[in-house]
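This is what each chain is made of:
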Amino acid sequence: MYFFLSQFKKHVSPFCEVYAYCLMPNHFHFFIMVNDQNSFEKGIKNCFISYSKAINKKYNRVGSLFQGRYKASKIDSDSYYTRIITYIHQNPVIANLVTDISNYKYSSYPAYLSTKETVLNKHDVLEWFGGLEHFVNDHKITVDEQDIPNVK
């Protein structure tokens, strides 16, 4: 999963603002704002290709790793912005992979609690939530998947 994140950072993050992510065993979520659509499209394609080639080589397999095209949803309201970030970070708890979201290492949530450098646009997100304390408190309230449009 770290390799996937490194490929994302290399091929995709130069063309978008990254607000949240979570890599799950069988899917992933990224909340981003695309800055350059054409470069982003090329970057996401290169990310998936390079990741697939590496996994195929490592496991002596052939073929695609990803089923269909990635899905994108437009974030069009203030409440959706905060709910989607919280929902993304809560995925590992909902799936019973961890009991505390800060313990899931394939999510951006621990990066928000850290002072280490990251590709995340932490400043804007924390400002949106009203600071780190409010960010953490909002993540204690479980977001119902039914409240998130276009999430399946």
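Located above this text is the structure these notes cover.
These numbers come from a predicted model, not from an experiment. (Residues numbered from 1 in each chain as written. Predicted model: local features only at pLDDT ≥ 70, side-chain atom pairs only at ≥ 80, totals over all residues. Heavy atoms only, no water.)

(A) Layout of the overall build of the protein chain. Scanning the protein chain from N- to C-terminus turns up 6 helices and 2 strands. Secondary structure elements in the protein chain, listed N-terminal to C-terminal, are α-β-β-α-α-α-α-α. What you see for the protein chain is a C-alpha radius of gyration of 16 Å, in line with the 15 Å of a compact globule of 152 residues. With respect to the three principal axes, the spread of C-alpha positions in the protein chain is 45 × 35 × 35 Å. Residues counted as buried form 40% of the 152 residues belonging to the protein chain. Long-range contacts, defined as pairs at least 24 residues apart, comprise 56% of the intrachain contacts of the protein chain with a sequence gap of at least 6. Looking at the protein chain as shown, the accessible area adds up to about 9600 Å², and 50% of this sits on carbon and sulfur atoms. Computing the positive centroid from 17 side-chain charges and the negative centroid from 14, the protein chain places the two 16 Å apart. (Helix = DSSP H or I, 4+ residues; strand = E, 2+ residues; numbered from the N terminus. Rg over C-alpha atoms; globule rule 2.2 N^0.38 Å. Buried < 20%, exposed > 50% of the residue type's maximum accessible area, 1.4 Å probe, protein only. Contact = heavy atoms within 4.5 Å. Areas by Shrake-Rupley, 256 points an atom, 1.4 Å probe, with all protein chains shown as cover. Lys, Arg positive; Asp, Glu negative; His and termini not counted. Charge placed at Lys NZ, Arg CZ, Asp CG, Glu CD.)

(B) The arrangement of the side chain of His-89 in detail. Structurally, His-89 is set in helix α3 (residues 78–94). By relative accessible area, His-89 is classed as buried at 0%. Of note is the side chain of His-89, whose polar atom sits 3.3 Å from the backbone nitrogen of Tyr-109. Those residues in contact with His-89, other than ones at most four positions away along the chain, are Ala-20, Tyr-21, Ile-101, Ser-107, Ser-108, Tyr-109, Tyr-112, Phe-135 and His-139. (Polar contact = N/O pair within 3.5 Å; in protein donor to acceptor, adjacent residues only side chain to side chain.)

(C) Examining the layout of surface pockets more closely. Empty space within the largest pocket amounts to approximately 1600 Å³. Around the largest pocket, the lining comprises 42 residues; the ones closest to its centre are Phe-28, His-29, Phe-30, Tyr-70 and Lys-71. Ranked by residue count, the leading element in the lining of the largest pocket is strand β2 (residues 28–34), at 7 residues. Considering only residue class, the lining of the largest pocket consists of 28 nonpolar, 8 polar and 6 charged. There is about 470 Å³ of room inside the second largest pocket. Elements that contribute at least two residues to the lining of the second largest pocket include exactly α1 (2–11), β1 (16–23) and α4 (109–113). For the lining of the second largest pocket, the residue count by class is 9 nonpolar, 4 polar and 4 charged. (1 Å grid on protein atoms, 1.4 Å probe; cavity = no way out; pocket = protein on both sides within 12 Å on 5 of 7 lines; lining within 4 Å. Points joined across faces, edges and corners; volume = space filled by probe spheres on them. Nonpolar A, V, L, I, M, F, W, Y, C, P; charged D, E, K, R; others polar.)

(D) Just the nonpolar core, in detail. If you look at the biggest cluster of nonpolar residues, it comprises 39 residues, and the most contacted ones within it are Val-12, Phe-31, Ile-84, Ile-85, Ile-88, Val-125 and Phe-135. Going through the elements one at a time, α1, β1, α2 (37–58), α3, α4 and α5 (122–129) are the ones with two or more residues in this core. (Core = buried A, V, L, I, M, F, W, Y, C linked by side-chain atoms within 4.5 Å.)

(E) Spatial organisation of the pairing of β1. Taking burial as the measure, the 8 residues of β1 include 7 buried ones, the bulk of the element. Here 7 bridges tie β1 to β2, and the two strands are oriented antiparallel to one another. Across the sheet, Cys-22 pairs through a bridge with His-29, a residue of β2. As consecutive antiparallel partners, β1 and β2 are separated by 4 residues. (Pairing = 2+ DSSP bridges.)

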